[in-house]
Amino acid sequence: MLRCEQVWKRFGKLEVLQGIDLEVSRGEVFVIVGPSGSGKSTLLRCINHLEVIDKGRIYIDGELLGYREADGVLKEQDERSVARTRASIGIVFQQFNLFPHLSALGNIIEAPVQVKKVPKAEAVKTGKELLRKVGLGDKLDAYPSQLSGGQQQRVAIARALAMQPKLMLFDEPTSALDPELVGEVLDVMKNLAAEGMTMVVITHEMGFAREVADRVVFMDEGRIVESAPPEEFFQSPREQRTRVFLSKIL
Amino acid sequence: MKRWLRRSLFLACVLLLATFAAMACGGEEEEEGGVTPGAGAAVPELEDGTLQILSDIAYAPIEFYEAGSNEAKGLDVDLANALGEKLDVKVEFINTGFDGIIAALQGEDGDVIMSSMTITPDREAEIDFIPYADVGTGILVKSGNPEDIAKLEDLCGLTVAVQEGTIQQDMLDDLNADACSDNKIDVVTFDQNPLAVEELRVGGADAVLADFPVALNDANQSDGELEVVGEQFDAAPYGIGLRKDSTELKSALEHALKEMKDDGTYASILKDWGLESASLE
Amino acid sequence: MVLAIGIRFDPSVVWEFLFNGVILRGARETIWIALIAQTVGILLGMVFAVMRVSRNPAARGASGFYVWFVRGTPVLLQLLLVSFGLRQMIDNEMFREVLTRWRAAVITFSVNEGAYMTEIVRAGIQSIPSGQMDAARSLGMTNLQAMRRVILPQALRVIIPPTGNEFIAMLKNTSIAFAIGVLELSSAARRIYADNFKVMELLVVAAIWYLAMTTVFSLLQAEAEAWASAGRERPKTLGSLLVRALVPGGRER
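How each quantity is defined
Residues numbered from 1 in each chain as written. Chains lettered and ligands numbered in written order. Predicted model: local features only at pLDDT ≥ 70, side-chain atom pairs only at ≥ 80, totals over all residues. Heavy atoms only, no water. Helix = DSSP H or I, 4+ residues; strand = E, 2+ residues; numbered from the N terminus. Buried < 20%, exposed > 50% of the residue type's maximum accessible area, 1.4 Å probe, protein only. Contact = heavy atoms within 4.5 Å. Areas by Shrake-Rupley, 256 points an atom, 1.4 Å probe, with all protein chains shown as cover. Lys, Arg positive; Asp, Glu negative; His and termini not counted. Charge placed at Lys NZ, Arg CZ, Asp CG, Glu CD. Polar contact = N/O pair within 3.5 Å; in protein donor to acceptor, adjacent residues only side chain to side chain. Pairing = 2+ DSSP bridges. Disulfide = S-S within 2.5 Å. Domains from an automatic or database assignment. Buried area = accessible area lost by both parts, 1.4 Å probe. Salt bridge = Lys/Arg side-chain N within 4 Å of Asp/Glu carboxyl O. Nonpolar A, V, L, I, M, F, W, Y, C, P; charged D, E, K, R; others polar.

Enquirer: Where do I start with the overall build of chain B in this structure?
Expert: What chain B contains, in helices and strands, is nine helices and 10 strands. Judged by the C-alpha coordinates and their principal axes, chain B covers about 75 × 60 × 40 Å. Across the 281 residues of chain B, 47% fall into the buried class. In chain B, the share of contacts with a sequence separation of at least 24, taken over all contacts with a separation of at least 6, comes to 74%. Summed over its atoms, the accessible surface of chain B is roughly 13500 Å², and 50% of this surface lies on carbon and sulfur atoms. The centroid of the 18 positive side-chain charges in chain B is displaced by 10 Å from the centroid of its 57 negative side-chain charges.

Have a look at this one:
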């Protein structure tokens, strides 16, 4: 479903990603953990092409992301093709990034109508269902400023789902929330995982990782240090650095 | 609260006093009498012995700045310098917009107006005049006279450019009220005459109305693009404009002008500019 | 020393000329020119602002040049260039017929305003947190779609107040149009007082008209700001109260 091959990314002089190899199969849930500055967010942003990688390749569902291969030569894709690929990848940000000038329902139907040209009535119907699914069926017309953090994030998830993505990325979705609101968001994510969505989640919520993840990945200083199923990862991590990190957060 | 109140009052008093002082100095000086450097005729009212002349210096060949210089030249300038010599005073030209020039004189921005100003009853109601030249109006058109203009009435229905505040503007307004009332002239006014001429040159107007010598000069300077139609008409005297209360200055200038006519300076200056026809002797 | 402070001011003259034909025509020209120029200016501003922040260096350069040139030269000069300069250079009869003085004035003021609006819109765009663009692009929108649907609508809130100021300045700047022979409010007043010497009275007439225009547009600006605060607490403006009072059963947007 998602394959990263030797991905390198530099910001100025700083090598943020140093040879990342990652493979996520359909329906799998990968949780990425690691200290801040380890490149986790950048990796996610490279996966949906918000950032352009310097070296390596990323494949989404077998298709090369961001480039077209023609006669063995890589050519950069035009903006429209990239946008189309991005539409099939959903991402949920730490800061929600809801559109403040649109209602909850408005946020959700915006992309389907504008990008996929779905007729408005149909988009509204789907949107209402999605909102109901995340537990906000009564907040259709509420504006983001009228919603709590947890509610906003759930709308953000619904907004991403409205585009029927093949892959969902989560960049620390609960880090900006008050503790009592974290649970409602995690519940939505758990349901999503149970339904078989392919997910890559950056989080500090180890309980979530233990419960839902198929694999936990530890990143540090731009490299994947360790990658293992949760029981193995948390109980008997192989790398020293992993152990040090775990001891600090658990 | 008290402190800012006291400060503001103090400031207000200072400002008020400063204003009074300025007004007093710039105001009436009949009693005081100005400084006169030379022996010559007593010319009161002049500051620093300089005759300050308000003029719209964009009206060749009567008053203009030669391209690239800051020195005023022209018929009015030469006549003014001659008058200054007779009175033994310095002469200074102050460039002033024509449509506000009378208000400027009344506001004492200068001592007299010498700006190709035709004497009219309306203007005479506001200021006094000393006639010094006789000049009529000319019609300036594109070479070849494409609209076949021969006289004023032919302008009906056309676009005519003119300087704001001139008698030519009045002429056009009169035409629109009368002979052209069914087929009005589109009167386009500009700050200065050269812009009106430019409008004609670029095809935005069909004709320009200006004093005859000026129209002729515009035609001569146009590299053959423009020409003057016919002869000058409605000749009327130019006047040196003075405030109604500048009676002593007026008699001094009249005296000097007479001297210039008597000794031939007047005629010779007119001849220099090819404007003998404007003589008022 | 004689001190005379006589105040010669005749209010009846003000009343006499307040609705004078020449004054009315001048006022109408002023509003008309300002409205068209501001509208076109806003459109130009949006286009060039998007170009200014684009990833395409050619677009950025062109926009930068436009802003630099237009802001760096006086409007009066631009007016003369467009009206006289262009007509002198382009010796084509149809061109000269199409480019009337009035159109030259409107074009100049529009292009001039566009440069200032570019900077205002750009500042507005850049005031929107980058996360908004991220979210929009992540949902599959192209840059242009994201600009139109997400960034610009939000930027409006930041853009409207300085735009209102621009319009009020524009109303007054139109007085320069007289240089190319276009009669507007200030020159109308000037023409009359050059004739009857009631300088103060006519200036008061002009001032009254300018104040009337700017006041009306200030009210409209307040309404526009309220409208742009969609989704947030909408302030009660005089305009919205009027709307509610005058429109029976009408709902506020």
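Enquirer: Just to check I follow, could you spell out the side chain of Ser116(B) for this structure?
Expert: All names here are of chain B. Mapped onto the elements of the fold, Ser116 is located in the loop between strand 5 (112-113) and helix 4 (121-124). Here Glu63 takes part through its side chain, which lies 2.7 Å from a polar atom of the side chain of Ser116. Here Ser116 is in contact with Tyr59, Ile62, Glu63, Asp76, Tyr132, Asp211 and Tyr238, once residues within four sequence places are set aside.

Enquirer: I keep staring at the pairing of strand 1 (residues 2-11) of chain A and nothing clicks. Help me out?
Expert: Remember that side chains alternate between the two faces of the sheet whenever the strand is regular. Residue and element names in this part refer to chain A. Where strand 1 meets strand 4 (residues 55-60), five bridges bridge the pair, whose relative direction is antiparallel. When the sheet's bridge partners are listed, Glu5 is paired in strand 4 with Arg57. Here strand 1 runs beside strand 2 (residues 14-24); their pairing, made up of eight bridges, is antiparallel. Each bridged residue has a counterpart across the sheet, and for Cys4 the counterpart in strand 2 is Leu22. Following strand 1, the chain reverses through two residues before pairing antiparallel with strand 2; Gly12 in that reversal takes a positive phi of roughly 65 degrees.

Enquirer: Help me out: how do you make sense of the state of the cysteines in this one?
Expert: Here is the idea: a disulfide is a covalent bond, and it sits between the sulfur atoms of two cysteines. Counted according to the given criterion, the structure contains one disulfide over all chains. The disulfide partner of Cys156(B) is Cys180(B), and the gap between their sulfur atoms is 1.9 Å. Residues Cys156(B) and Cys180(B) are joined through a disulfide that is left-handed, its torsion about the S-S bond being -80 degrees. In this pair, Cys156(B) is assigned in the loop between strand 6 (128-142) and strand 7 (159-163) and Cys180(B) in the loop between helix 5 (167-177) and strand 8 (186-190), connecting sequence segments 24 residues apart. Given the relative accessible area of 0%, Cys180(B) is considered buried. Cys4(A) forms no disulfide, and the closest cysteine sulfur to it belongs to Cys46(A), at a distance of 8.5 Å.

Enquirer: Would you mind going over the domain arrangement of chain B with me for this structure?
Expert: Quoted interface sizes are often the accessible area lost when the parts come together. Residue and element names in this part refer to chain B. When cut into domains, chain B gives domain 1 (44-135 + 237-278) and domain 2 (136-235). Between domain 1 and domain 2, the C-alpha centre-to-centre distance is 25 Å. The interface of domain 1 with domain 2 comprises 16 residues on the first partner and 18 residues on the second. Both sides of the domain 1 and domain 2 interface together cover about 1400 Å² of buried area, and 54% of this is carbon and sulfur. Here domain 1 and domain 2 share zero salt bridges between them. Of the residues assigned to the side of domain 1 that touches domain 2, the class counts are nine nonpolar, three polar and four charged.

Enquirer: Quick question: what am I supposed to make of the pattern of salt bridges here?
Expert: If the charged atoms of two oppositely charged side chains come close together, the side chains can form a pair. Under the counting rule described, the total for this entry stands at 30 salt bridges over all chains. Here Arg201(B) makes a salt bridge to Glu225(B), at a shortest N to O gap of 3.0 Å. Of this pair, Arg201(B) sits in helix 6 (residues 193-201) while Glu225(B) sits in the loop between helix 7 (212-220) and strand 10 (226-242), and the two are 24 residues apart along the sequence. Several salt bridges converge on common partners, so that one network encompasses Asp186(B), Glu199(B), Arg87(C) and Arg101(C).

Enquirer: Can you help me understand the interface of chain B and chain C in this one?
Expert: Of the residues lining the interface, 26 residues belong to chain B; the matching set on chain C comes to 20 residues. Summing both sides of the interface, chain B and chain C together bury roughly 2000 Å²; the carbon and sulfur share of this comes to 57%. Our count for the chain B to chain C interface comes out at six salt bridges. As a salt-bridge pair, Arg191(C) and Glu164(B) come within 3.0 Å of each other at their nearest N and O atoms. When contributions to the side of chain B that touches chain C are tallied by element, the ones reaching two or more residues are helix 1 (2-26), helix 3 (101-106), strand 8 and helix 6 of chain B. Here the residues of the side of chain B that touches chain C sort into nine nonpolar, six polar and 11 charged.

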